Amino acid sequence: MSLQVIEDFLNTVDERTFKRHRESHVPGERLTSPQALADWLTDRGLDFGDSPPRAADLETAIALRTALRQALVADTGAAAALAEHPLRLEPDASGGLRLVATSGPAWLNAIVETVAGSVARGEWSRIKLCAAPDCRWAFYDVSRNGRGRWCTMEICGNRHKTRTYRERRRHEA
């Protein structure tokens, strides 16, 4: 599984409240029911086996997503978010070791293993929440130095820079 799926998972809650072209963005929750979770998993090729997700699975998914988003905001890393999800090392077919999650359903284990693997490879630090307080969209920072702040420079970055410019001009006047 790729970090793109983790980014999508983090963005199943949309907290954006900004206005663009005079239209307010309406925030929302995509994981509203066990069926919505099943649909999201199916769209990403994540196996949930013969039994579809239940209400408890939905609660677990939302709790993990919330913990991962909090880890990004608090800049504490993913370790605290994964504390409820046991991991162990197992031998793989090539004679090496691989991280294996034992949290429960295969789809949940795949998400946990992907996050843990990204932490081990140093890629997790590239997953961020947009610095715009009215956005908070999760994104993968592709900047060379890894210090990107906005999900898109064209929207959130431009709005921030425009506000800063106008504020500076107001103080100069």
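Owing to the predicted nature of the structure, the values given are computational and were not obtained by experimental measurement.

Asks: Go over the pattern of salt bridges, please, and point to the residues and values.
Replies: Enumeration according to the criterion identifies 7 salt bridges in this entry. The partner of Glu-15 in a salt bridge is Arg-69, and the shortest N-O contact between them spans 3.2 Å. Of this pair, Glu-15 sits in the loop between β1 (13-14) and β2 (19-20) while Arg-69 sits in helix α3 (residues 55-74), placing them 54 residues apart in sequence. Under the relative-accessibility criterion, Glu-15 is labelled partly exposed at 38%. Judged by relative accessible area, which is 5%, Arg-69 ranks as buried. With a shortest N-O distance of 2.9 Å, Arg-170 and Glu-167 are connected by a salt bridge. Note that Arg-170 and Glu-167 are positioned in helix α5 (residues 153-172) at a spacing of 3 residues, about one turn of the helix. Among the residues examined, Glu-167 registers a relative accessible area of 33% and is labelled partly exposed.

Asks: Explain the pairing of strand β6 (residues 97-101) to me, and be specific about the residues and the numbers.
Replies: The pairing of strand β5 (residues 87-91) with β6 spans 5 bridges and is classified as antiparallel. Looking across to β6, one finds that Glu-90 is bridged to Arg-98. Counting the residues in the hairpin turn of β5 and β6 gives 5 residues, including Gly-95, whose phi is positive at 95 degrees.

Asks: If you had to explain helix α4 (residues 106-121) to someone new, which residues and values would you point to?
Replies: Its 16 residues give α4 an end-to-end C-alpha distance of 22 Å, which sits within 8% of 22 Å, the value for a rise of 1.5 Å per residue. Residues Trp-107, Leu-108, Asn-109, Ala-110, Ile-111, Val-112, Thr-114, Val-115, Ala-116, Gly-117 and Ser-118 constitute the buried set of α4. Check the buried side of α4 and you find it contacts α1 (3-10), α2 (34-43), α3, β5 and β6. Just downstream of α4, Gly-122 is the residue with a positive phi angle, here 80 degrees.

Thresholds applied
- Residues numbered from 1 in each chain as written.
- Predicted model: local features only at pLDDT ≥ 70, side-chain atom pairs only at ≥ 80, totals over all residues.
- Heavy atoms only, no water.
- Salt bridge = Lys/Arg side-chain N within 4 Å of Asp/Glu carboxyl O.
- Helix = DSSP H or I, 4+ residues; strand = E, 2+ residues; numbered from the N terminus.
- Buried < 20%, exposed > 50% of the residue type's maximum accessible area, 1.4 Å probe, protein only.
- Pairing = 2+ DSSP bridges.
- Expected span 1.5 Å × (residues − 1).
- Contact = heavy atoms within 4.5 Å.

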